[in-house]
Amino acid sequence: MNRLPTTALLVLRSLFVLCTAALLAAVLLSCGSSSATIANNQIASHRIALVAPVHSAEQAEAMRIGAEAAARQFGLELNYAPFESNEDAAEQLAAAIALLEQGAEALLIAPADEETLRAVGQYGTDRGIPVIALNDERMPRGVGGAIAIDNEEAGRQAGKALAELLDGKGNVALLKPDRNDPGLVLREQGILEALSKYPSIQVKEGSVCGNLRDACWVAAKSMLDNERLDGAIALQSVASLGLADEVRRRSEAEQFKLVAFGSEREQLELLQEGVIHQLVVQSDFSTGYIGVEQAVSLLAGGVIGKPTLLETRVVDADNMFWMNNQKLLFPFVH
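The chain appears in an unreviewed UniProt entry as Substrate-binding domain-containing protein from Paenibacillus roseus. Check the Sequence similarities (unreviewed entry) section of the UniProt entry for the chain; it says "Belongs to the bacterial solute-binding protein 2 family." On record in UniProt, under Subcellular location (unreviewed entry), the comment for the chain is "Cell envelope".

Here it is in structure tokens:
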């Protein structure tokens, strides 16, 4: 199938966003349930807060759009705390505490680390304020709800995708984050489980990098210098961009099979160009939307009980414009 030029991809993306935004607005106005109406009447005066993830501007924006859509439906005021690329866990925790001290009655947070989540949960417990974790299935004391993907299953999807791209044989490696994140540990376990089913695939020593693209490029260069690899999986979006930079520098985009997680604009362009071959994607819009729904339930005295796990799907340049994949790739479709 012929691939669209990047400019055409962006035009189609823009047209789709405009159309689906209008459709979403119509749906929200026309199909509110009776339970939603009751909840709306009960908590119309409440103010809730959303604390964005760090180092993930596009994911944060999609979460914000989803949360704002739900806040409008339930008649809530939503306060939002974004972050600059150089800000990290300390700034995120400070922003969360500030929002709670300013009167937020429920808090949604995509935590930078477990310490941040536990601290915010404890603060919420001490003051009777519901806390909902986004992109994190941990529910320590004080965290009443959680929305995340099944990271182990997402890892299995990525591992299977890479194995099929390589026809079940070759040398592969993982480009991983340099921090200990339980969700990403599960993601890695899923990848290795899937790859273990292919005896002719050898998993070589990979590399790690942090939150800077240049650092991930250096890590990718070192990884490819040290091993003859046929493909790799990048566990985070920034790692995939750094690895893609090195693959393009070596002019190996067609031969080297790259699988990644995420749906950032540049990742979609690289998918369309054939530098990234498969993406495991999730709906960040739904994460924000469901987070507000859970806040509504907790404010009304409900109990969530266990994490809500969202679906992930593998997309490529040929199926990325299929309607069912649009709901995951673009943040205006719920």
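Participant: Tell me about the sheet that holds strand S1 (residues 47–51), and name the residues and values.
Facilitator: Taken in spatial order, the six strands line up as S2-S1-S3-S4-S5-S12 in an open sheet, and their pairing is parallel. Of all strands in the sheet, those with a lone pairing partner are strand S2 (77–81) and strand S12 (308–310), marking the two edges. Strand-to-strand twist of the sheet, defined as the mean angle between neighbouring strand axes without regard to direction, takes the value 15°. Bridge count between strand S5 (residues 143–149) and S12: three bridges; the pairing is parallel. Paired with Ala148 across the bridge in S12 is Leu309.

Participant: Talk me through the pairing of strand S10 (residues 257–261); I want residue IDs and the actual numbers.
Facilitator: Within S10, five of the five residues are buried, leaving the element largely enclosed by the surrounding structure. Alternating positions in S10 separate into two faces, Lys257, Val259 and Phe261 on one and Leu258 and Ala260 on the other, with burial throughout. The pairing of strand S9 (residues 231–234) with S10 spans four bridges and is parallel. Across the sheet, Ala234 pairs through a bridge with Ala260, a residue of S10. Between S9 and its parallel partner S10, the chain crosses via helix H9 (residues 237–249), and the hand of that crossover is right-handed. Both S10 and strand S11 (residues 278–281) contribute to a ladder of three bridges, which runs parallel. Across the sheet, residue Val259 finds its bridge partner in S11, namely Gln278. In this region the chain leaves S10, passes through helix H10 (residues 265–273) and returns to the parallel neighbour S11; the handedness of that crossover is right-handed.

Participant: I'd like to hear about the environment of His46, residue by residue, with values.
Facilitator: You can see His46 is positioned in the loop between helix H2 (34–43) and S1. By relative accessible area, His46 is classed as buried at 17%. When the C-alpha positions of His46 and Phe74 are compared, they lie 9.8 Å apart, and in sequence the two are 28 residues distant. Setting aside its immediate chain neighbours within four residues, His46 contacts Leu76, Glu77, Glu105 and Leu299. A polar contact of 2.6 Å, which involves the side chain of His46, links it to the side chain of Glu105.

Participant: Just give me the short version of the state of the cysteines, but keep the residues and values in it.
Facilitator: All told, the structure shown has one disulfide when counted by the stated rule. Each disulfide pairs two cysteine sulfurs, and for Cys209 the partner residue is Cys216, the sulfurs being separated by 2.1 Å. Note on the Cys209 and Cys216 pair: the S-S dihedral is about 85°, so by sign convention the disulfide is right-handed. The pair formed by Cys209 and Cys216 is uniform in burial state, with each residue classed as buried.

Participant: Hey, could you go over the confidence of the model for the chain for me, with residue numbers and the actual values?
Facilitator: When pLDDT is averaged along the chain, the result is 87, and 84% of the positions lie at 70 or above. Here residues 6–44 is a poorly scored stretch, pLDDT under 50, and it has 44 contacts once near neighbours within four places are set aside; other chains count.

Participant: Provide a residue-level description of the pairing of S11, including the pertinent values.
Facilitator: Of the two faces of S11, the one lined by Gln278 and Val280 and the one lined by Leu279 and Val281 are each fully buried. Where S11 and strand S13 (residues 313–315) come together, three bridges link them in antiparallel fashion. Pairing of Val280 across the sheet is with Val314, part of S13.

So, how was this worked out
- Residues numbered from 1 in each chain as written.
- Predicted model: local features only at pLDDT ≥ 70, side-chain atom pairs only at ≥ 80, totals over all residues.
- Heavy atoms only, no water.
- UniProt positions renumbered as here; feature names shortened; annotations may be inferred.
- Pairing = 2+ DSSP bridges.
- Helix = DSSP H or I, 4+ residues; strand = E, 2+ residues; numbered from the N terminus.
- Axes fitted to C-alpha atoms, helices over the stretch in contact; angles between N-to-C directions.
- Buried < 20%, exposed > 50% of the residue type's maximum accessible area, 1.4 Å probe, protein only.
- Right-handed = clockwise from strand over helix to strand, strands pointing away.
- Contact = heavy atoms within 4.5 Å.
- Polar contact = N/O pair within 3.5 Å; in protein donor to acceptor, adjacent residues only side chain to side chain.
- Disulfide = S-S within 2.5 Å.
- pLDDT = per-residue confidence, 0-100.

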